Amino acid sequence: MNFLFYFSVAGISYALAGSQAYAEVFHINSALTVTPFFCWLLNLLAVFGRKLVSPLVSVLTLFKGSLLLVAAIIAFVVGTTVHDRISNDFRYAGDTFMLVTVAVGGTYLTLPFLFTKIKYVEHEIRYLRISTTFGLITVYILEILWCWATLDVVPQIDPCSVSLSQTNNGTYCLPPDYTLQSAAENGEISTIPFTKVINLVYPQYRWIATLISLFIMVSITVSYLYNATVLAHTVEGVIASWWKESWNKSDFMEVKCQNVTSSLANIVFLSVIFIVAMFNPKSFVEVVEKLMSFAANFGLGFFMSIIVWKCTSGKYRDLDVPLPLSKVQIHLQYIVIVFFMTASIYDIVVWISESV
């Protein structure tokens, strides 16, 4: 159930962010206008066009990764050129921590889906582990570059903190909604104030703002489509397991009924994502920072520890595994349990303290 909860919450955040990204690129005033088209075109593709999703996601992911690398590096260079004043307040370190766990915490949920695409042999499993590790390291580095660039360009709180080195005016007061604080309060992704500031104050870098907007649009499209596909795959697995225990799967009509039930269940889950996104258009930060963070941390700290513990128990110890975990890796699970369960408790404490 943790898998279904996480993918549902992730779908809500991607629906909100994706609608904003498309509205920004195509200059649409309201992101809500985009949400129905964004959600249902990708939902139908994930449920009924599964054969098209894998090659489409692969091509778009390659394009997205290349664009991410270029956009992050260029944004970082521009950020160091602009170099707005950055203020630090470690009282908000917890918020950053929760967002980071979301950014890389969903890996453990998508790996089972990726695992089905490789052969069950030692060298392919090793390559999958290595590529996953380097992928996470790359994401960390690019996230740091992007955050640094955003802080250099976009004012955090004070809209009058932007320096205009190319003029003699000293500082320039931006509109109040051109800050990161305003973006957080309105549930906006950071690229929206980033592109606004670039277009208004630094027009010579306008092409960079366009490039980054395109990257975010493609990136979130791929993320939502992949998330919806994995959610549908998980729902179908749950129904297939239940159906196998309850019915005779060899009968053609039973198989057809199972497929129809799976499709209907997928539509229900994806409809919930769409409805929540439509009626909570400014909840992006809340969804990511609290729900997604808790789902990722609790899943890693509790459910994954149970999986590792059961897999290494005496009952399964004699199974022939192509690339088994070493004793050191198995013992590391205790550090993982403590770290992510502590993060889960922190999520709950923060949630309660802000609600009181």
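Use the structure listed above.
Calculation criteria
Residues numbered from 1 in each chain as written. Predicted model: local features only at pLDDT ≥ 70, side-chain atom pairs only at ≥ 80, totals over all residues. Heavy atoms only, no water. Helix = DSSP H or I, 4+ residues; strand = E, 2+ residues; numbered from the N terminus. Buried < 20%, exposed > 50% of the residue type's maximum accessible area, 1.4 Å probe, protein only. Contact = heavy atoms within 4.5 Å. Axes fitted to C-alpha atoms, helices over the stretch in contact; angles between N-to-C directions. Left-handed = near helix turned anticlockwise from the far one by under 90°. Nonpolar A, V, L, I, M, F, W, Y, C, P; charged D, E, K, R; others polar. Core = buried A, V, L, I, M, F, W, Y, C linked by side-chain atoms within 4.5 Å.

A. Region of the structure containing the environment of I157. Along the chain, the position of I157 falls in the loop between α6 (122-153) and β1 (162-163). A relative accessible area of 57% means that I157 is categorised as exposed. Residues I157 and T179 lie 22 residues apart in sequence; the distance between their C-alpha atoms is 5.8 Å. Residue contacts for I157: discarding those within four places in its chain leaves T179 and Q181.

B. The packing of helix α5 (residues 107-115) against α6, seen in detail. Packing of α5 against α6 brings their axes to within 12 Å, and their N-to-C directions diverge by 145°. Classified by chirality, the crossing of α6 by α5 is right-handed. Contacts between α5 and α6 pair T107, L111 and F115 from the former with I125, L128, T132 and L136 from the latter. Residue composition of the contact of α5 with α6, grouped by class: five nonpolar, two polar and no charged.

C. Structural view of the nonpolar core. Ranked by internal contacts, the top residues of the largest apolar core, which has 73 residues, are Y6, F194, V197, I198, I212 and Y224. Beyond its immediate chain neighbours, meaning those up to four positions away, I212 contacts A71, A75, W146, T191 and F194.

D. Just unusual backbone geometry, in detail. Even without being a glycine, H27 presents a positive backbone phi close to 55°. Summarising the element assignment, H27 is placed in the loop between α1 (2-25) and α2 (35-48).

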